[in-house]
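One-letter residues, chain by chain:
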Amino acid sequence: MLKDITLGQFFPGNTLAHRLDPRTKIILVVLYIAALFCAKYFVSYALVALVLVISVKVSGVHPKALVKGLRPIVFIICFTAILNLLYTPGEELVSFWIFTITKEGVLQAFFMVLRFTMLIMGTFLLTYTTSPISLTDGLESLLNPLKKIHVPVHELAMIMSIALRFIPTLIEETDKIMSAQKARGADFESGNLLQKAKALVPILVPLFISAFRRADELAVAMECRCYHGGGGRTKLHVLRYEARDYLVLAGFAAMLAAVLVLGHFGL
Amino acid sequence: MSDIVRTENLTFAYPAEEGQTPVNALDGVSVAIREGSFVVILGHNGSGKSTLAKHMNAVLLPGGGKVYVDGMDTSDESLLLEIRRRVGMVFQNPDNQIVANVVEEDVAFGPENLGVPTEEIRRRVDGALKAVGMEEFTLHAPHHLSGGQKQRVAIAGVIAMEPKCIVMDESTAMLDPLGRREVLDTVRRLNREKGVTIVLITHHMDEAALADRVVVMDNGRVVMDGAPREILPQMAELRALGLDAPPTVELLHGLKEDGFGVPLDALDIQECAEAICRAL
């Protein structure tokens, strides 16, 4: 039952969006978010939206998958939209009881919704087209300069990739422990929230113990394979920027510049 | 040929719990493993066989005595990487020794740590996966593989470091019979074709029959040491050490007791069948 959970949500493929260097894609998302937050009015938003639509088309990711990603935050989007709608001062449109809806409020709420939706869609597109491992690789490589100020970049990346590696193993283990406890009469379904939370204790305790044991064994196994930190390590897959990376980066930078210029003219 | 691993009067005790006197897990062990040989170390639980294995690539350091790997003293910390590059280790639980999300990335982990150049890593990864017969799983996720396949990936990860010796610390204990067969066939082929020294720690007697040499341990000491043909037929002695003789040996012993003139040292099924046919 738990096995169906997929994390990282990666859709394998071989499109331009998949082949781009992970570092490029991370920078693109940063540029895209910057553009989104600098956009002031319809023309700028339309430009950013156009870039998003093209990116989705190129990636071959089904738009439905992107919309699905929005589901968990629908509530937050609606809540902020309503607040913006009701509490923005300006030219009055309708007024009832203690609320006044203004023209500015309507616009503000509309842009807010647009900004949130596009933000989520853009970042989801990154995880949909980049495998967790290359995402970690990309982050490690991008954050490399931080090593100079003693940020343990390699260690953090290693922790992240090992965590990703062990998610399926631990899920499988949880499944086994649950079955074992059920076989002895444990009840996970009935009762109120507190009782349900209490019922989780007999799952979590053995899971933690086994996770620690695994960590211990893994550490020994890694040492046996000559792991001694990030120093002097080489890589099977070396990240290399290609011409296409520079082209796409230039395109996104141009988009950000255009949005800034448009913003200057209030568009 | 030279010795790849040599222990001299090795003793070791695990730290004792409060109020207890430490018991020696190893008590004066002197063995020498010849390069290119296939050695099985047998013993029941707590006999010290795993502890001995862990000394062979400096996971544990001697409490007393010396361990030399390819002539290097394991207690010299500056030689640690060099020692572990020579002697690779495969553990019991395949899940807890696979580091990466993708088979090829995991196999590359060892050479990456050694600072091997990228093209050379590629060559070694492909070669190692081929050597264990897993080349078609190069891009698979390890958690979708069977136990035997995972263990073969772990072996490939060790081979990619191009060691002279592989120590298998009960690496077949958690596998089903099919998985065990896959793993044993793989290590036997590596031993014969590539000349890699294999030290196999086990309590399965039938695995002992595959070796050139069998070392039996009990209470932290080596109690028997010789060719499988000399050791395995000694049914009474093995029983006394908490081990079972292989089924073929038991059968031949039974027949002998009933007055058939069969030899006692037929180890595999084919040989055993022929011996019985001759006796009839």
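Residues numbered from 1 in each chain as written. Chains lettered and ligands numbered in written order. Predicted model: local features only at pLDDT ≥ 70, side-chain atom pairs only at ≥ 80, totals over all residues. Heavy atoms only, no water.

Caption draft 1: Representation of the overall build of chain A in the model. Each helix and strand counted, chain A has 10 helices and 2 strands in total. Reading chain A from its N terminus to its C terminus gives the helix and strand order α-α-α-α-α-β-β-α-α-α-α-α. In summary, chain A has a C-alpha radius of gyration of 24 Å against a globular reference of 18 Å for 267 residues, an excess of more than 25%. In chain A, which comprises 267 residues, the share counted as buried stands at 38%. Here the contacts in chain A between residues at least 6 apart in sequence split such that 74% fall between residues at least 24 apart. A total of about 15800 Å² of accessible surface is found on chain A, and carbon and sulfur atoms cover 71% of it. Separation between the mean location of the 26 positive side-chain charges and that of the 18 negative ones in chain A comes to 4 Å. (Helix = DSSP H or I, 4+ residues; strand = E, 2+ residues; numbered from the N terminus. Rg over C-alpha atoms; globule rule 2.2 N^0.38 Å. Buried < 20%, exposed > 50% of the residue type's maximum accessible area, 1.4 Å probe, protein only. Contact = heavy atoms within 4.5 Å. Areas by Shrake-Rupley, 256 points an atom, 1.4 Å probe, with all protein chains shown as cover. Lys, Arg positive; Asp, Glu negative; His and termini not counted. Charge placed at Lys NZ, Arg CZ, Asp CG, Glu CD.)

Caption draft 2: Quick look at the domain arrangement of chain A. All names here are of chain A. Each assigned domain of chain A is listed here: domain 1 (8-145 + 239-264) and domain 2 (151-224). Taking the mean C-alpha position of each, domain 1 and domain 2 sit 34 Å from one another. Taken together, the contacts link 6 residues of domain 1 with 6 residues of domain 2. The contact between domain 1 and domain 2 buries some 530 Å² in all, and 80% of this surface belongs to carbon and sulfur atoms. There are 1 residue pair in polar contact (both at pLDDT 80 or more) connecting domain 1 and domain 2. Residue composition of the side of domain 1 that touches domain 2, grouped by class: 3 nonpolar, 2 polar and 1 charged. (Domains from an automatic or database assignment. Buried area = accessible area lost by both parts, 1.4 Å probe. Polar contact = N/O pair within 3.5 Å; in protein donor to acceptor, adjacent residues only side chain to side chain. Nonpolar A, V, L, I, M, F, W, Y, C, P; charged D, E, K, R; others polar.)

Caption draft 3: Quick peek at the confidence of the model for chain B. The predicted model of chain B averages 87 in pLDDT, with 100% of residues at 70 or higher. Of the two predicted TM-score estimates for the complex, the pTM is 0.80 and the ipTM is 0.85. (pLDDT = per-residue confidence, 0-100.)

Caption draft 4: Fine view of a nonpolar patch on the surface. All names here are of chain A. Among the surface-exposed residues, Y41, F42, V43, F110, V261, F265 and L267 lie close enough to one another that they form a single nonpolar patch of about 650 Å² accessible area. Structurally, L267 can be placed in the segment after α10 (243-264). Take L267: its relative accessible area is 36%, and that puts it in the partly exposed class. (Patch = residues over 30% accessible without salt bridge, like charges linked within 9 Å, V, L, I, M, F, W, Y side chains within 5 Å. Salt bridge = Lys/Arg side-chain N within 4 Å of Asp/Glu carboxyl O.)

Caption draft 5: Examining the nonpolar core more closely. All names here are of chain B. If you look at the biggest cluster of nonpolar residues, it comprises 54 residues, and the most contacted ones within it are L42, V107, I155, I166, M168, V216 and L238. Looking at which element gives the most residues to this core, the answer is helix α5 (residues 147-159), with 6 residues. Contact partners of L238, with chain neighbours within four places excluded, come to M205, V216, M224, I231, L232, L243 and A245. (Core = buried A, V, L, I, M, F, W, Y, C linked by side-chain atoms within 4.5 Å.)

Caption draft 6: A look at the interface of chain B and chain A. Listed per partner, the contact involves 36 residues of chain B and 28 residues of chain A. Roughly 2900 Å² of surface becomes buried between chain B and chain A when both sides are summed, with 56% attributable to carbon and sulfur atoms. Taken as a group, N96, N101 and N113 of chain B account for 23% of the area that chain B buries against chain A, more than any other trio of residues on that side. Connecting chain B to chain A are 2 salt bridges. Our count for the contact surface shared by chain B and chain A stands at 16 residue pairs in polar contact (both at pLDDT 80 or more). Breaking the side of chain B that touches chain A down by element, the ones donating at least two residues are α2 (80-86), α3 (103-113) and α4 (118-131) of chain B. Within the side of chain B that touches chain A, the residues separate by chemical class into 17 nonpolar, 11 polar and 8 charged.

Caption draft 7: Quick look at the pattern of salt bridges. Per the stated rule, a full pass over the model turns up 28 salt bridges over all chains. Its salt-bridge partner being D137 of chain A, residue K235 of chain A comes within 3.2 Å of it at the nearest N-O pair. Placement of the pair is K235 of chain A in the loop between α9 (193-224) and α10 and D137 of chain A in helix α7 (residues 132-143), with a sequence separation of 98 residues. For K235 of chain A, a relative accessible area of 29% translates into the label partly exposed. Relative accessible area serves as the criterion here: at 16%, D137 of chain A is assigned to the buried category. One salt bridge in this structure joins R152 of chain B and E182 of chain B, with 3.1 Å as the shortest N-O distance.

Caption draft 8: Structural context of the pairing of strand β11 (residues 221-226) of chain B. Residue and element names in this part refer to chain B. Alignment of strand β10 (residues 213-218) against β11, held across 5 bridges, turns out to be antiparallel. In the strand pairing of β11, V215 is matched with D225. Hairpin connection from β10 to β11: 2 residues lie between these consecutive antiparallel strands, with N219 at a positive phi of about 50 degrees. (Pairing = 2+ DSSP bridges.)

Caption draft 9: The arrangement of unusual backbone geometry in detail. Residues and elements named next belong to chain B. Positive phi, close to 50 degrees, is recorded for D70, a residue that is not glycine. Along the polypeptide, D70 turns up in the loop between β5 (64-69) and β6 (72-73). Here D70 falls in the partly exposed class, since its relative accessible area comes to 22%. Positive phi, close to 50 degrees, is recorded for N219, a residue that is not glycine. If you trace the backbone, N219 turns up in the loop between β10 and β11.

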